[in-house]
Amino acid sequence: MKFFLESRRLILLAAGIYIVLKLLFSFGIVSEYIQQITIYVFIVVLAATGLNVIYGYTGQFSLGHAAFYGIGAYTSAYLVKTLGLDSVFALPATLLAGGIMAGLVACVIGIPILRLRDDFLGIATLGFGILVRVFFDNSDRISETLGGSRGFTGIVKLTNLEITFVVTVFLLIVTRNLISSRYGLFWRCIKDDETASASVGIDTTRMKLMAFSYGCFLAGVAGALYAHLYTFLHPSNFDFLRSIDFLIIVILGGMGNIAGTIWAGVLWVGFIEGLRIVLPSNVLDLRWVFIPLLLIMLMMWRPYGLMSKKKGNG
Amino acid sequence: MGHGSWGEDGMTAMLEVERLEKSFGGVRAVDGFSFHVDRGETLGIIGPNGAGKTTVFNLITRFYTPDGGRVRFMGKLITHLPPYRLARLGIARTFQNLRLFKDLTVLENITSAHLTGHSYSPFAGIFRTRRHLRIEREARENAMMLLNFLGLGEKEQAPAGSLPYGEQRRLELARALAIRPKLLLIDEPGAGMNPREIQDLVITLREVKERFDLTIVMIEHQMGLVMNISDRILVMDFGEKIMEGTPSEVRKDRRVIEAYLGEEPV
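Residues numbered from 1 in each chain as written. Chains lettered and ligands numbered in written order. Predicted model: local features only at pLDDT ≥ 70, side-chain atom pairs only at ≥ 80, totals over all residues.

### With respect to the packing of helix H2 (residues 32-57) of chain A against helix H6 (residues 161-180) of chain A
Residue and element names in this part refer to chain A. Where H2 meets H6, the closest approach of the two axes is 9 Å, and the angle between their N-to-C directions is 15 degrees. What the angle tells us is that H2 and H6 run roughly parallel. The hand of the H2/H6 crossing is left-handed. The segment H2 lies against H6, with Ile39, Phe42, Ile43, Val45, Leu46, Thr49, Val53 and Tyr57 engaging Leu161, Thr164, Phe165, Thr168, Leu171, Leu172, Thr175 and Ile179. (Axes fitted to C-alpha atoms, helices over the stretch in contact; angles between N-to-C directions. Helix = DSSP H or I, 4+ residues; strand = E, 2+ residues; numbered from the N terminus. Parallel < 35°, antiparallel > 145°, perpendicular 65-115°, else oblique. Left-handed = near helix turned anticlockwise from the far one by under 90°. Contact = placed C-beta atoms within 7 Å.)

This is the structure in structure tokens:
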């Protein structure tokens, strides 16, 4: 097995970043708040990579990615709370559970809706996102633990730098290997021309479902990490606007570009949180205006992403 | 005509199409159309624009669902199978308006087709097992062989969409061959080509057929091409077969001259 083939630079880079972050964290050079934001960057990158697989590589336009992020978060938080698994060693299992739950749900709804194309699929996934949000809002009727519209409180804090780092780097390598395998090639074929894909023997339905489920699995794992980082979940964390955030990161970084998604995720979180520091508190909410403006400008001048060399030709 | 089951009693129909029907909004595009192709044969389908030729291809390869009729491939009923299954059984096609994977490289266009028939699991892909690496290497080698054969060997890393038109046509043919087909359906390979390019195409198609042991059905407008290469020609109009025969018979037929060739036979 050559899992780490062509990964040496990546691993070295990751190790370097880890050591720097660990030093910054442990000598109290950066505040608790910045530490949390740093871990959050990894989570956002992981979830956005999932959307990149779905949209950037396979061309399946999804406006409901945050719903799967939420499903992962609620699943893991619920398992930890009801089963009392409040040790760091149980975390990998509940992360996996969160991811698998998100992937399974994606598989079930993907079977009917993935036949839709482009904007129709966008609307269907948007609808599903709203459905999940309403479900979270009323979740206290199923189990008091889930908290409904009051939010899911009292989640054990388990997410730390190490686990986030290892999980994210591992899943990024898994994703890269998948992308460079025949599956990634079929996904890109489907994005390019679905009819031609079928004509050379690609089972397009199955491949689209696989990309969608895998991308949502990544979102689910990211959501589970998120739940145990912030220890509080609210349905509004997983609504339509959050899906748009992931979409912007994918577009910003360039469709079908994992390195781009990483950079865009860092920039994105840095930008939002940076504005929080820079802007006076009475105009703080204006930062949500900058983001859509950025998106509009991006579409006008760099429709293939900030990191892409390809420029739009109008 | 009674073309029986494949192989057993020496019957050699590669493809049998029986009373195929398809309407679009009340217009009968294909109206009870039947034909067969024998193993190793090259069949040309000609007819005016809108005669229903491409629709027949789309019905055989199941990109359209037929309203009625049956299709047998090597004796096996295939009318109900989805397009990707037909490709894996050995039916390859090219498209009238070219459908390459434009953003993929020339090489990837071919390896993707090769890899549909040579599988390894997602886990083999993630953990890069020996099997995965071997299959990927074979896919590249096979693709390079095909590209060299069709004179595209130098362009392997170019995006397919950046190739000149004639090379895109050849690449599409190479991609169809990469699935190791037994039957090749070609839709207007000579469209947009000058007489010189048509000459090259005739040579290429002959070589390809010989080398890959193919049965070919070809839709074509260029008389020079279709008359030159077909063993048998079938003439279509208004979704029906109006006649069938050898190139020289078709050339002489009055109905064909009127319906299709115009006043002057070519």
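From this point, the discussion proceeds with the structure in view.
### Some thoughts on the interface of chain A and chain B
Listed per partner, the contact involves 25 residues of chain A and 29 residues of chain B. Listed by contribution, the elements that provide at least two residues to the side of chain A that touches chain B are H6, helix H7 (182-192) and helix H8 (194-199) of chain A. If you tally residues by element for the side of chain A that touches chain B, the top one is H7(A), at seven residues. Here the side of chain A that touches chain B is composed, by residue class, of 13 nonpolar, six polar and six charged. (Nonpolar A, V, L, I, M, F, W, Y, C, P; charged D, E, K, R; others polar.)

### Some details on the sheet that holds strand E10 (residues 240-245) of chain B
Residue and element names in this part refer to chain B. Strand order in this open sheet of six strands is E6-E7-E8-E3-E9-E10, and the pairing throughout is mixed. Looking at the sheet topology across the chains shown, the edges are occupied by strand E6 (91-93) and E10. Strand-to-strand twist in this sheet, taken as the mean axis angle between neighbours without regard to direction, amounts to 20 degrees. Of the pairings in the sheet, the one linking strand E3 (residues 42-46) to strand E8 (residues 215-219) comprises four bridges and is parallel in character. (Pairing = 2+ DSSP bridges.)

### Quick look at the domain arrangement of chain B
Residue and element names in this part refer to chain B. Here chain B is partitioned into domain 1 (12-53 + 61-90 + 181-266) and domain 2 (101-168). Of note, the centres of domain 1 and domain 2, computed from C-alpha atoms alone, are 28 Å apart. Counting residues at the interface gives five residues for domain 1 and four residues for domain 2. Split by residue class, the side of domain 1 that touches domain 2 holds two nonpolar, one polar and two charged. (Domains from an automatic or database assignment.)

### Quick word on the pairing of strand E7 (residues 183-187) of chain B
Residue and element names in this part refer to chain B. A large share of E7 lies buried, amounting to five of its five residues. The side-chain alternation of E7 yields two buried faces, one formed by Leu183, Leu185 and Asp187 and the other by Leu184 and Ile186. In this sheet, E7 lies alongside E6 in parallel orientation, the contact comprising three bridges. Note on E7: the bridge partner recorded for Ala92 is Leu184. The sheet contact formed by E7 and E8 spans five bridges and is parallel. If you follow Leu185 over to E8, its bridge partner there is Val217. In this view, the connection linking E7 to its parallel neighbour E8 by way of helix H7 (residues 195-212) has right-handed handedness. (Buried ≥ 20, exposed ≤ 12 C-beta atoms within 10 Å, placed from the backbone. Right-handed = clockwise from strand over helix to strand, strands pointing away.)

### Topic: the confidence of the model for chain B
Note that predicted coordinates carrying low pLDDT should not be read in detail. Scored by pLDDT, chain B has a mean of 90; 93% of the residues are at 70 or more. Scoring the predicted complex yields pTM 0.92 and, for the interface, ipTM 0.91. (pLDDT = per-residue confidence, 0-100.)

### So, H7(A)
Of all the 11 residues making up H7(A), 11 are buried; the element is thus mostly covered by neighbouring parts of the structure. Looking only at H7(A), the buried set comprises Arg182(A), Tyr183(A), Gly184(A), Leu185(A), Phe186(A), Trp187(A), Arg188(A), Cys189(A), Ile190(A), Lys191(A) and Asp192(A). Those residues of H7(A) that are buried lie in contact with H2, H6, H8 and helix H9 (204-230) of chain A together with helix H3 (106-116) and helix H4 (122-127) of chain B.

### What to know about the pairing of E10(B)
All names here are of chain B. With five bridges joining them, strand E9 (residues 232-237) and E10 adopt antiparallel strand pairing. Bridging from a neighbouring strand, Leu234 pairs with Glu244 of E10. The turn joining E9 and E10, which pair antiparallel and follow one another in sequence, is formed by two residues; a positive phi near 50 degrees is taken by Phe238.

### Some words on the sheet that holds strand E5 (residues 76-77) of chain B
Residues and elements named next belong to chain B. With antiparallel pairing, four strands are arranged side by side in an open sheet as E2-E1-E4-E5. Among the strands making up the open sheet, the edge pair consists of strand E2 (27-38) and E5. Looking at chain direction, strand E4 (residues 68-73) and E5 are connected through two bridges and run antiparallel. Counterpart to Arg72 in the pairing with E5 is Leu77.

### Digging into the environment of Arg85(B)
Residues and elements named next belong to chain B. With respect to the helices and strands, Arg85 occurs in helix H2 (residues 83-89). Exposure remark for Arg85: the 15 C-beta atoms within 10 Å place this residue in the partly exposed category. The spacing of Arg85 and Arg62 is 23 residues in sequence and 9.8 Å in space, taken between C-alpha atoms.

### Section: unusual backbone geometry
Negative phi values dominate among residues other than glycine, just as trans dominates among peptide bonds. Residue and element names in this part refer to chain B. Backbone geometry at Arg19 places phi at a positive 45 degrees, although glycine is not the residue there. For Arg19, the position within the fold is in strand E1 (residues 13-24). For Arg19, a count of 13 C-beta atoms within 10 Å gives the class partly exposed.

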